[in-house]
Amino acid sequence: MTADPQTHHAVWEGNIEELKGLVSEKAFTGESMILNMGPQHPSTHGVLRVILELEGEEVLSCIPDVGFLHTGIEKNMEYKTYEKSIVMTDRMDYLNPMGNGLVYCLAMEKLFELDVPMRAQIARVVLAELTRINSHLVWMGIGGLDLGVTSTMTYAFREREVLLDIFEMVSGQRMMSTYFRPGGLWRDLPDEFEGAVQNVLDTFPAKIDDYDKIITQNPVFVDRTQGIGFISAEDAVAYGLTGAALRGSGVNWDIRKAMPYSSYEQFEFDVPLGQHGDVYDRFIVRIAEMRQSLRIIEQGMKRLQKEKGPFRSDNRKYVPPPRAELGRSMEAVIHHFKLWTEGFRPPKGEVYVSIEGPRGELGCFLASDGSPNPMRVHFRTPSFVNLSALEKLAKNHMIADLVGIIGSIDIVLGDCDR
Amino acid sequence: MSHPLDPKQTLIDTFGDAVEGSEEFRGELTVIVKAEKIIEVAQHLRDAEGLKYNLLSDITAVDYYPAEPRFGLCYHLYSMAFNRRLRIKVLWSDGDAPVPSMTKLWPSANWEEREAYDMMGIVFSGHPDMRRIFMPDDWQGYPQRKDYPLGYETVQFSFNYDEIAKHKPFAKK
């Protein structure tokens, strides 16, 4: 891409032959138009570039182009010890940092056969659900903005601020928390945590009802979303859609129910389902999910009051000793030195763990060769797989609908490109 | 509803020699199959009664350098009917015949295989759109391989400003 010296508009120097097989024959005879959208387009939710083939305003084919945010996180993790790469997981899906940390820690714990104390498991559930609400709020704000409900944006970001304050309270960081560690948590939950979460539980239900009304009673929004971006249940599974995008099509599959992790089996909640598989249903499912998350948080907070045990495993082969022990115990000093210089040497093997992230199945594949650095870390990120279905979803829709469809599959490009 | 079948035994019974081995680690079953049979195996796993692995969660590759065969291409399958996972692994080295593409069975394999090609250099046959996905189209090499070094960039300070600016003729444009 270079700039035209007279107009300063970007000029594409590529050859149309490069698109052969990806767009229809009409593009080569000039009957349809090739249009580039992104990567700086505001409604593509980050740096997504889509090459569109248009006939009038109708999308004949659409080719998503990703990789603008590729940062080589998986490669970088191979050069760090297991524990030191947790910080990088936060930076993949920046709206779901706790979830990324959780799946990586769960994969490590499965590989090491490391037990997690109950208090830490419940705290993880509570924080993962707060993160889910945080992520859904941003999605709702931006998705509404795309589709003519401009006020949701300011409301959503106002509410999100309350949640970010809680993350800052527990971890010291608003977004990149790095709070979950193998074997438990970085430190115990602070005393103020309970009051802050209680505030969320008291105020959020009414607010979510408000947003539900703002969105579902807005005729512009309803007209622009119902019947748009339809995908059937069979197609959704074949295209690997997961999370709300799958449940919007009526497939009842939630990893929290199907393969519970981190004590989710002890919580009561429902899995909201859609019926039609269109943009509107995916919206409704996510709004309902926020209410279910609040239910889980409420149960979790009750249990945290009783569960006062340790917050981290005391297996000293993997978990460094608390600072206070270093002054008293020679063994603690040795463990501390060993774990922070060389790291630990897990057994050889390969594990795959997945959790239900806000966007769908978030998986972590971890291969160990017995050395202190992982041999291979791979994240199965929901944004990446869900976005690959965009071609199918956007076909034969208006270009204005495309914006709503991209919003409805809820992508985060940092999650997609890694 | 039929009963769940043991995937490893079923594959050995149905495909015989195509199954090269299996591993079990931390309750996860991995079945290693020959690359040329991967489509038949996957189709059987997806459609047969008692297996029904209907969701292709993930495709990824591991570089076992310097071991041979060098790459392990892992397919993570999930069965919604029986709520269980299975890992199918194909061992592959540079110069082997391309691995048949899974896109006809699961459209979701399209991008996953492009990623395996882009990062590891594993070649697929019958793929509709075999381009790089993350790296630029003219990129040399496959970044996720073990013999591909981790890159870095020297930070530009006042004392080495000119030296680094020399390497970046495009930065000034």
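Residues numbered from 1 in each chain as written. Chains lettered and ligands numbered in written order. Predicted model: local features only at pLDDT ≥ 70, side-chain atom pairs only at ≥ 80, totals over all residues. Heavy atoms only, no water.

Novice: Go over empty space enclosed by the protein with me, naming the residues and quoting the values.
Specialist: All names here are of chain A. Scanning the entire structure with this criterion turns up five cavities of 30 Å³ or more. When its volume is computed, the largest cavity comes out at roughly 50 Å³. Forming the boundary of the largest cavity are N96, G99, L102, A128, R132, Y261, Y264, I355, E356, G357 and P358. Within the residue set of the lining of the largest cavity, elements represented by two or more residues are α4 (97–112), α5 (118–146) and β8 (349–356). (1 Å grid on protein atoms, 1.4 Å probe; cavity = no way out; pocket = protein on both sides within 12 Å on 5 of 7 lines; lining within 4 Å. Points joined across faces, edges and corners; volume = space filled by probe spheres on them. Helix = DSSP H or I, 4+ residues; strand = E, 2+ residues; numbered from the N terminus.)

Novice: Before we move on, can you summarise the environment of L48 of chain A with the specific residues and values?
Specialist: All names here are of chain A. Its place among the elements puts L48 in the loop between β3 (33–37) and β4 (49–55). A relative accessible area of 0% places L48 in the buried class. The sequence separation of L48 and G30 amounts to 18 residues, and the corresponding C-alpha distance is 26 Å. When residues no more than four places from it in sequence are discounted, the contact partners of L48 are M37, G38, P39, P64, D65, V66, L387, I406, I411 and L413. (Buried < 20%, exposed > 50% of the residue type's maximum accessible area, 1.4 Å probe, protein only. Contact = heavy atoms within 4.5 Å.)

Novice: Quick rundown of the interface of chain B and chain A? Include the residues and the values.
Specialist: Listed per partner, the contact involves 42 residues of chain B and 49 residues of chain A. Ranking the residues of chain B by area buried against chain A places R26, W111 and F134 of chain B at the top, with a combined share of 20%. On inspection of chain B and its partner chain A, the count reaches six salt bridges. At the level of elements, β3 (55–63), β4 (71–79), β5 (84–92) and α3 (109–120) of chain B are the ones that each hand at least two residues to the side of chain B that touches chain A. (Buried area = accessible area lost by both parts, 1.4 Å probe. Salt bridge = Lys/Arg side-chain N within 4 Å of Asp/Glu carboxyl O.)

Novice: Can you explain the packing of aromatic side chains? Please cite residues and give values.
Specialist: Residue and element names in this part refer to chain A. This structure, assessed with the given rule, holds 19 aromatic pairs over all chains. Seen from their ring centres, Y155 and Y211 are 6.0 Å apart, and the 20° between their planes marks the pair as stacked. One end of the pair, Y155, is in helix α6 (residues 151–171); the other, Y211, is in helix α7 (residues 192–216), and 56 residues separate them in sequence. Between Y318 and F344 the ring centres are 5.2 Å apart and the planes differ by 75°, which places this aromatic pair in the edge-to-face class. Here the residue Y318 occupies a position in the loop between α12 (279–306) and α13 (330–341), and F344 occupies one in the loop between α13 and β8, the gap between them amounting to 26 residues. As far as the burial class goes, Y318 and F344 line up, both buried. Feature note: the residues Y82, F112, Y318 and F344 constitute an aromatic cluster, connected by ring pairs. Its guanidinium or amino end placed over the ring of F180, R124 lies 5.6 Å from that ring's centre, counting from NZ or CZ. Its end group placed over the ring of F384, R418 keeps NZ or CZ at 5.4 Å from the ring centre. (Phe/Tyr/Trp six-rings, centres within 6.5 Å; stacked < 30°, edge-to-face > 60°. Lys NZ or Arg CZ within 6 Å of the ring centre and 35° of its normal.)

Novice: A description of the pairing of β5 of chain B should follow, citing residues and the corresponding values.
Specialist: Residue and element names in this part refer to chain B. Among the nine residues of β5, seven are classified as buried, and the element is accordingly described as predominantly covered. As paired strands, strand β2 (residues 28–33) and β5 are joined by four bridges and run parallel to one another. Bridge assignment links V33 to a residue of β5, and that residue is V90. Bridge count between β4 and β5: nine bridges; the pairing is antiparallel. Bridged to Y78 within β5 is R85. Between β4 and β5, which pair antiparallel in sequence order, lie four residues; one of them, N83, sits at a positive phi of approximately 55°. (Pairing = 2+ DSSP bridges.)

Novice: Give me the packing of α7 of chain A against α12 of chain A: which residues, what numbers.
Specialist: How two helices sit against one another is set out by the angle between their axes and by the gap between those axes. Residues and elements named next belong to chain A. Between α7 and α12, the least distance of the axes is 10 Å, while the angle of their chain directions is 165°. One finds that α7 runs roughly antiparallel with respect to α12. The interaxial crossing formed by α7 with α12 has left-handed handedness. Residue-level inspection shows F193, E194, V197, V200, L201, F204, P205, I208, D209, D212, I215 and T216 of α7 in contact with α12, the latter providing Y280, F283, I284, I287, M290, R291, L294, I297, E298, M301, L304 and Q305. (Axes fitted to C-alpha atoms, helices over the stretch in contact; angles between N-to-C directions. Parallel < 35°, antiparallel > 145°, perpendicular 65-115°, else oblique. Left-handed = near helix turned anticlockwise from the far one by under 90°.)

Novice: Which residues make up the state of the cysteines, and what values go with them?
Specialist: Residues and elements named next belong to chain A. Evaluated as defined, the whole model comprises zero disulfides over all chains. C105 forms no disulfide, and the closest cysteine sulfur to it belongs to C364, at a distance of 9.6 Å. Free cysteine C416: the closest other cysteine sulfur is in C62, separated by 13 Å. When its relative accessible area of 1% is taken as the criterion, C416 is described as buried. (Disulfide = S-S within 2.5 Å.)

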